[in-house]
Amino acid sequence: MADRQTVPPEPITAADGTPLKKKLAQALFRSRVRAASLVLPLFAFIMASFVIPIIALMWQGVYNDTFSSYTPNLTEQLKVWDGINDPDEVMYAALVADLKTASADRTIGRIATRVNQEFPGTRSLFTRTARKAKNLKPPFKDSVIKASKKWDNIEVWRAMKITSQDLTPGFYATALDGRYTVDQGFISQDENRQIYVKLFWRTMMISATVMGLCLLLGYPVAYLLATLPLRTSNLLMIMVLLPFWTSLLVRTTAWIAILQSQGVINDLMVYVGITADDARFSLIYNMTGTIIAMTHILLPFMILPLYSVMKTIPPSYMRAARSLGATPTTAFIKVYMPQTIPGIGAGGLLVFILAIGYYITPALVGGQDGQLISNMIAYHMQKSLNWSLAAALGGILLAGVLLLYWAYDRVVGIDNMKLG
Amino acid sequence: MAKLPPYTSTGEYIWHYTFRAICGFIFLFLILPILVVLPLSFNVEPYFSFTKGMLSFDSEAYSLRWYEDILRNGMGAPDAPFGWAWLADTWNNSQWMRAIRNSFFIGICATLLSTALGTLAAIGLSRSEMPYRRLIMSILISPMIVPLVITAAGMFYFYSQIQLSQTYLGVIMAHAVLGTPFVIITVTATLVGFDKSLVRASQSLGAGAVTTFRKVQMPLIIPGVISGGLFAFITSFDEVVAVLFLASPEQRTIPRQMWSGIREQISPTILAVATLLVILSIILLTVLELLRRRSERLRGITSS
């Protein structure tokens, strides 16, 4: 007994003599590498063609070197300027030198546009002065102010100082209806220029309304589908899945045909006599149209998760509640509804996430007051070409959506996402 | 709920039928907008609404002119006699034909790309050894969640710098990105019920990794792969935001053509196209349902 204890325990070895523990770790490592190498091609593809482009765009929201790259001399001077004293002769000389080269290289338009984003109404000041820059004689301070009195305004110089900083919080400030200034830091925008916060708020309200309507309409249908015998419910399911599979533009077109002033609903109303021929309802090209069309388009995303949860609730629970003396209403509210909460969470979050970033339907049937934040982002990307502001607005929207996505993953788990 | 028990009270009776009526209205709300498009596309007048003649089922009020317009619009000589030259003209010059060709080309390429990559990734993700499984999965699903405008704007910004915007490759890549989440979700769902001992059995009988995959795993997950592919195809076929940002007029797809149709000149040609698309989605839905049944049958065999 005694000498057995002194003998060190022999490690268990595999057939080739290596310790089993090491061998096992190797095998585990190899299978991990194998699994990862299957995922790698797609991961690389998504990174290169989706994640990096979005990060690159988001970077534009805080970084814009248009001004500094075209006006190197002036940027140098603006860096050392305190923003309080009047700009001196050296700064004016730098301005004239840069305007001269910008005019020759035809880059003045970009400079003017960039400053105009910060201080609206200054575009022509730059282009006009640049045209005259060749003929300006020293002392530059006097001759520039003579060319246009607006240069005497220190606000123009402050706006230039802001735009000369490549890394700027200015676009996010604009996106939140504020302004970033040299002397006062962040201040809020003039009353009549405050549009973005209102738009974000409206986007949230419309999304919440659509989510509420989807829940209201989706819950009874999901309940019916879950309680009917399989044959009937499969047949009725087609009515939910067909819209789901039909092109978004087809459904939007259909709603235009139905809701427009000469459309099906209005014709019917006039025919029945609810409204006069010359007082037809305006149901489309406004917020009502957006809400109706979006509810229709997103309803299947609510019904399907609700249905898959309700399907798992045994009907005997309700019967048990009834046999214990509960009225149908009490049994439903106290026993059935709490069990459907995961489905409500899943469907509601999904609908809200999809609604908040909606673009096509509001653009086609939204008119003026049915536009969402996505439409503003597209406007700044394509029309006003203020990409940095688009990136800042997109950054705020994306942050909101990712937060909801995280919540969705917590509540539902992405693995449990089901389609059709 | 199938049959009301004899002890049902009058109130419950009333509620039972009211509830069904409410559900009926909701189903109508879901399906009517799609059905309303069908008769309107046969309208002889260039309107989006029912005419008096249509309501009284006057055969004069119906026509196929908007379906002809799909073929004719943009042709060099639309009034030439029907023949090979006319067909060639349609094929090459008609705006809608070009859009249809583009949609199928881009859709099929994007589907192949996303199905191949997505299936491999789903197999890897469904293994328990996969490191950082949850995080990677959420990144790979995110194209479905991120607002399309942000995706499209980012791609437009980035692809412009590497000369990929306004090319077929750029649009195909964008659509493949948007399609992969669907492939991952459907294939993962079929792999959930996959019996791992089948792989071990095949290996113990001497099959290599490739043979096991081809002969054992693939036949079982193929319904999931195909339905994922169908999802990816319909996503590409229906996608317009990325096309709006990334494509030049040369790469116009059907939804892009409809988009400008709705914005610029509302003509019932759009309704005719819409009708064709509804028929296409009915076909796809049928295929998907058949696949689902097949998958259930196959899985029924494996689990017993």
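**Re the overall build of chain A**
Then comes step 1: Regarding its fold elements, chain A presents 20 helices and 2 strands.
Then comes step 2: Against the globule reference of 22 Å for 420 residues, chain A gives a C-alpha radius of gyration of 32 Å, more extended than a compact globule.
Then comes step 3: Taken along its principal axes, the extent of the C-alpha atoms in chain A is 105 × 95 × 35 Å.
Then comes step 4: If you sum the accessible surface of chain A, you get close to 20900 Å²; carbon and sulfur atoms cover 63% of it.

**Some words on the nonpolar core**
Then comes step 1: One finds A:W245 and B:M258 to be the most contacted residues of the largest nonpolar core, which totals 173 residues.
Then comes step 2: With 13 residues, the top contributor of residues to this core is helix 11 (residues 196–227) of chain A.
Then comes step 3: When near neighbours in sequence (up to four residues on either side) are disregarded, A:W245 contacts B:L230, B:F231, B:I234, B:S281, B:L284, B:L285 and B:L288.

**A look at the pattern of salt bridges**
Then comes step 1: Applying the stated rule across the entire model yields 8 salt bridges over all chains.
Then comes step 2: A:R114 is paired through a salt bridge with A:E118; the nearest N and O atoms lie 3.9 Å apart. Of this pair, A:R114 and A:E118 both sit in helix 6 (residues 108–118), separated by 4 residues, roughly a single helical turn.
Then comes step 3: Overall, the relative accessible area of 10% leaves A:E118 in the buried class.
Then comes step 4: The partner of B:E12 in a salt bridge is A:R322, with the nearest N and O atoms 3.4 Å apart. In this pair, B:E12 sits in helix 1 (residues 10–40) while A:R322 sits in helix 16 (residues 316–323), so the two residues belong to two different chains.
Then comes step 5: We classify A:R322 as partly exposed; its relative accessible area is 33%.
Then comes step 6: When salt bridges with common partners are traced through the structure, they connect A:D267, A:D277 and A:R280 into a single cluster.

**Overview of the interface of chain B and chain A**
Then comes step 1: Facing the 89 residues of chain B at the interface are 92 residues of chain A.
Then comes step 2: Summed over both sides, the interface of chain B with chain A buries roughly 8200 Å², with 82% coming from carbon and sulfur.
Then comes step 3: Contact with chain A buries area across many residues of chain B, yet B:F27, B:I145 and B:Y157 alone supply 9% of it, more than any other trio.
Then comes step 4: For the pair chain B and chain A, the interface holds 2 salt bridges.
Then comes step 5: In this structure, the connection of chain B to chain A is made through 9 residue pairs in polar contact (both at pLDDT 80 or more).

**Observations regarding the environment of A:V401**
Residues and elements named next belong to chain A.
Then comes step 1: Among the secondary structure elements, V401 is positioned in helix 20 (residues 387–411).
Then comes step 2: Residue classification places V401 among the buried residues on the basis of a relative accessible area of 0%.
Then comes step 3: Counting along the chain gives 178 residues from V401 to Y223, while the straight-line C-alpha distance between them is 29 Å.

**Here's the deal with unusual backbone geometry**
Across residues other than glycine, the phi torsion is negative in most instances, and most of the peptide bonds are trans.
Then comes step 1: Look at the link from A:P138 to A:P139: it is a cis peptide, with omega at 0°.
Then comes step 2: Mapped onto the elements, A:P139 comes out in the loop between helix 7 (123–132) and helix 8 (140–147).
Then comes step 3: Within the chain, B:Q163 stands out as a residue other than glycine whose phi angle is a positive 55°.
Then comes step 4: Topologically, B:Q163 is positioned in the loop between helix 7 (148–161) and helix 8 (168–192).
Then comes step 5: Given the relative accessible area of 63%, B:Q163 is considered exposed.
Then comes step 6: A positive phi angle is found at B:Q166, which is not glycine, with a value near 65°.
Then comes step 7: Within the element layout of this structure, B:Q166 appears in the loop between helix 7 and helix 8.

What counts, and at which threshold
- Residues numbered from 1 in each chain as written.
- Chains lettered and ligands numbered in written order.
- Predicted model: local features only at pLDDT ≥ 70, side-chain atom pairs only at ≥ 80, totals over all residues.
- Heavy atoms only, no water.
- Helix = DSSP H or I, 4+ residues; strand = E, 2+ residues; numbered from the N terminus.
- Rg over C-alpha atoms; globule rule 2.2 N^0.38 Å.
- Areas by Shrake-Rupley, 256 points an atom, 1.4 Å probe, with all protein chains shown as cover.
- Core = buried A, V, L, I, M, F, W, Y, C linked by side-chain atoms within 4.5 Å.
- Buried < 20%, exposed > 50% of the residue type's maximum accessible area, 1.4 Å probe, protein only.
- Contact = heavy atoms within 4.5 Å.
- Salt bridge = Lys/Arg side-chain N within 4 Å of Asp/Glu carboxyl O.
- Buried area = accessible area lost by both parts, 1.4 Å probe.
- Polar contact = N/O pair within 3.5 Å; in protein donor to acceptor, adjacent residues only side chain to side chain.

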